Number of protein chains: 2
Amino acid sequence: MAAAPAASALAPAASASAPSGRPGGRPDSCGPRAARGLRELKKERTHDALVQAAAELFTAHDYDDVTVARIAEVAGVSTRTFFSYFPSKEDVLFADTHTRLEQALQSMADRVPGESPVDLLVRAVRRALPASFSPGPGPEVSGSALPSLYGVRLRLNHSTPQIQAGAMRRLQEAQQLLSRALLAAFPERLTAVEAAALVGAFIGGISNAVIFCLAEDPDLPDTSQVAFEALEVVRRRLPELDRGAEG
Amino acid sequence: MAAAPAASALAPAASASAPSGRPGGRPDSCGPRAARGLRELKKERTHDALVQAAAELFTAHDYDDVTVARIAEVAGVSTRTFFSYFPSKEDVLFADTHTRLEQALQSMADRVPGESPVDLLVRAVRRALPASFSPGPGPEVSGSALPSLYGVRLRLNHSTPQIQAGAMRRLQEAQQLLSRALLAAFPERLTAVEAAALVGAFIGGISNAVIFCLAEDPDLPDTSQVAFEALEVVRRRLPELDRGAEG
DNA sequence: ATGCTTCTTGCATGCGATGCAAAAAAGTAG
DNA sequence: CTACTTTTTTGCATCGCATGCAAGAAGCAT
């Protein structure tokens, strides 16, 4: 359908999901189906209903043609309640993105002895990539498989600047956390600039390649293929592309 | 004061500045002071007045505390008129960013014979960098020196997610154009993925390093120093950081 | 001046988002 | 089951951003 962002791919950041009121995004950790009380259970149900409703509506209509009131209506709650689950209309679209980032950060945490900084970074990125580009149902969050918010984001990203901007900002925040984690894994060997430059180079190279190719061909079959190619370019072929010659 | 974005640094994209009505951003090209009629002159004056008013207000107050109505009032026009000069409140903050991108794209156009792809890219980036990080008055647009929107962006960028998002989106669009230009400069030697990966790696590495360092120390004296360091890391030290050893 | 074009302005409208207080539901005793 | 506390939902009012429209004002030509 549409085209632009590998940005949404690598996930958002650690922003608190609960706006003001109590009914936070979801009963925090506590295993998938360990709802202790009826309260927690209904909160989870409402949360999922809102995401589900949003996914369906955004699949069928443009971003600006879907009102928060309509999402809430389909989910069976009042408009006001929506904003006690998500701080903005935009956020419901990124409800599933915390998982990938946490995976990547986890990879960063357990580092293999002989590994180089780039090794570690690449391993973390590789682990997050496949889940980021599968157009199928996103990683099931909390037992009930949510609809593919990734697919919706992918389509809305070239049609709606606001979504593209939000995706890029979240990707940026993820890079900050990854940089910090990489620096923490190699406190002796890396400076802050080196860690951040490495993370930015790999994530930036991959995401820009995917976005660029999607802009050329919106119906690109395999985006993860492009992502892995770009990864290799940044890691291996960069010196070669720095050698002068006549093209 | 504040902290985050080298993003705003590299400028925005080719988005049309005029929303709906005629009174576009500014009489397009036609030299600094070649106003042919009274119409064009007043348009330019109003445009600059709006930017000036916005810069002053955003310098003194937070983004959300400055209403469009107030900006228009200070500029001496009606609220409605603001939106015939800028499509949104956000856009007035990025009124000066087209210059740097055009500079970089221009550098891409005239390529030196023996130059490698990385050479060319680095030259283009190097040319855009200094202008991007000087906290002084931005590049004077059209004769009258406008106040430093860069400084305002820098401060608002860590306090206002919306601005950070907008800056990242514009940087992303700039990367798209740079990728296309680089590919056009080396049609035989580069694939689309390679060109995009290169651009993304360098811009991503630099911007993430600057943002990361600014997050650690908001009052960092010389951001361009960090930028050039990051550039060298991506270009030269990447292979070294890929060699396994005990840290 | 007479018209034509272009820009400005005010008005009405719709939507996103927040604060507040009342109503409803869940949880906890007794 | 009843009474009481806590939490969640809801409606309502409000504000700001943004757009469309039509009337008015200003530049501009003949």
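The text that follows walks through the structure, step by step, so that each part is easy to find.

Rules used in this analysis
Residues numbered from 1 in each chain as written. Chains lettered and ligands numbered in written order. Predicted model: local features only at pLDDT ≥ 70, side-chain atom pairs only at ≥ 80, totals over all residues. Heavy atoms only, no water. Helix = DSSP H or I, 4+ residues; strand = E, 2+ residues; numbered from the N terminus. Buried < 20%, exposed > 50% of the residue type's maximum accessible area, 1.4 Å probe, protein only. Contact = heavy atoms within 4.5 Å. Areas by Shrake-Rupley, 256 points an atom, 1.4 Å probe, with all protein chains shown as cover. Phe/Tyr/Trp six-rings, centres within 6.5 Å; stacked < 30°, edge-to-face > 60°. Lys NZ or Arg CZ within 6 Å of the ring centre and 35° of its normal. Least-squares fit on C-alpha atoms with pLDDT ≥ 70 in both. Salt bridge = Lys/Arg side-chain N within 4 Å of Asp/Glu carboxyl O. Polar contact = N/O pair within 3.5 Å; in protein donor to acceptor, adjacent residues only side chain to side chain. Core = buried A, V, L, I, M, F, W, Y, C linked by side-chain atoms within 4.5 Å. Axes fitted to C-alpha atoms, helices over the stretch in contact; angles between N-to-C directions. Parallel < 35°, antiparallel > 145°, perpendicular 65-115°, else oblique. Left-handed = near helix turned anticlockwise from the far one by under 90°. Nonpolar A, V, L, I, M, F, W, Y, C, P; charged D, E, K, R; others polar.

### A short note on the overall build of chain A
So, step 1. A tally of helices and strands in chain A yields 9 helices and 0 strands.
So, step 2. Counting across all 247 residues of chain A, residues that qualify as buried make up 53%.
So, step 3. Contacts in chain A between residues far apart in sequence, at least 24 positions, make up 70% of those at least 6 positions apart.
So, step 4. In the structure as shown, chain A presents an accessible area of about 10400 Å², 53% of it carried by carbon and sulfur atoms.

### Side note on the side chain of Glu90 of chain B
All names here are of chain B.
So, step 1. You can see Glu90 is positioned in the loop between helix H3 (79–85) and helix H4 (98–109).
So, step 2. By relative accessible area, Glu90 is classed as buried at 13%.
So, step 3. Excluding residues within four positions of it along the chain, Glu90 makes contact with Tyr63, Gln162, Ile163, Gly166 and Arg170.

### What to know about the packing of aromatic side chains
All names here are of chain A.
So, step 1. A complete count under the given rule lists 6 aromatic pairs over all chains for this structure.
So, step 2. With a centroid separation of 5.3 Å and an interplanar angle of 80°, the aromatic rings of Phe82 and Phe83 are classed as edge-to-face.
So, step 3. Judged by its relative accessible area of 31%, Phe83 falls in the partly exposed class.
So, step 4. When the ring of Phe82 is compared with that of Phe86, the centres are 5.6 Å apart and the planes differ by 40°; the resulting orientation is tilted.
So, step 5. Using a relative accessible area of 0% as the deciding quantity, one classes Phe82 as buried.
So, step 6. Every member of this aromatic cluster is reached through a ring pair, and the members are Phe82, Phe83 and Phe86.
So, step 7. One residue, Arg170, lies across the ring of Phe94, its end atom 3.9 Å from the ring centre.

### Some points on the relation of the copies chain B and chain A
So, step 1. For the match of chain B to chain A, the screw axis carries a shift of 0.0 Å, the RMSD comes to 0.0 Å, and the turn is 180°. Considering both components of the superposition, the chain copies are consistent with a two-fold axis. Every residue of chain B has its C-alpha some distance from the rotation axis, and the shortest such distance is that of Ala201 of chain B, at 1.9 Å.
So, step 2. Interface residue correspondence from chain B to chain A reaches 100%, placing this contact among same-surface, isologous pairings.

### Looking at the interface of chain B and chain A
When the parts come together, some accessible area is lost, and that loss is often what is quoted as the size of the interface.
So, step 1. Contact residues are listed per partner, giving 60 residues for chain B and 60 residues for chain A.
So, step 2. The tally of links from chain B across to chain A stands at 6 salt bridges.
So, step 3. For the salt bridge of Asp242 of chain B with Arg236 of chain A, the shortest nitrogen-to-oxygen distance reads 3.7 Å.
So, step 4. Across the chain B-chain A interface, the total number found is 20 residue pairs in polar contact (both at pLDDT 80 or more).
So, step 5. Broken down by secondary-structure element, the contributors of at least two residues to the side of chain B that touches chain A are helix H5 (117–133), helix H7 (161–185), helix H8 (192–216) and helix H9 (223–237) of chain B.
So, step 6. Sorting elements by how many residues they give to the side of chain B that touches chain A places H8 of chain B first, with 19 residues.

### A short note on the nonpolar core
So, step 1. Ranked by internal contacts, the top residues of the largest apolar core, which has 88 residues, are Leu182 and Phe202 of chain A together with Leu182 and Phe202 of chain B.
So, step 2. Apart from the residues lying within four places of it in its own chain, the contact partners of Leu182 of chain B are Met108, Pro117, Leu120, Leu121, Leu190, Ala195, Leu198 and Val199 of chain B.

### Considering the packing of helix H1 (residues 38–60) of chain A against helix H6 (residues 149–159) of chain A
Residues and elements named next belong to chain A.
So, step 1. Where H1 contacts H6, the axes come no closer than 10 Å and their chain directions differ by 40°. As judged from the angle between their axes, H1 and H6 are oblique. Helix-helix and strand crossings are classified by hand; for H1 and H6 the assignment is left-handed. For the pair formed by H1 and H6, the contact residues are Val51, Ala55, Phe58, Thr59 and Ala60 on the first element and Leu149, Val152, Arg155 and Leu156 on the second.
So, step 2. The class makeup of the residues in the contact of H1 with H6 is 7 nonpolar, 1 polar and 1 charged.

### Here we look at the environment of Arg80 of chain A
So, step 1. For Arg80 of chain A, the location among the structural elements is in helix H3 (residues 79–85).
So, step 2. For the pair formed by Arg80 of chain A and Val68 of chain A, sequence separation is 12 residues and the distance between their alpha carbons is 9.2 Å.

### A few points about the packing of H8 of chain B against H9 of chain B
Residue and element names in this part refer to chain B.
So, step 1. Running from N to C, H8 and H9 point in directions that differ by 135°, and their axes come no closer than 8 Å. For the element pair H8 / H9, the angle class is oblique. When the axes of H8 and H9 are compared, the crossing they make is right-handed. Residues Ala201, Phe202, Gly205, Ile206, Ala209, Val210, Cys213 and Leu214 of H8 form the contact with H9, whose own contacting residues are Thr223, Val226, Ala227, Ala230, Leu231, Val234 and Arg235.
So, step 2. The class makeup of the residues in the contact of H8 with H9 is 12 nonpolar, 2 polar and 1 charged.

### Observations concerning the pattern of salt bridges
So, step 1. Using the criterion set out here, one finds 28 salt bridges over all chains in the structure.
So, step 2. Connected through salt bridges with shared partners, the residues Asp119, Arg126, Glu232, Arg235 and Arg236 of chain A together with Asp242 of chain B form a single ionic network.

Fair warning: the whole summary comes from geometry, so function is off the table for now.
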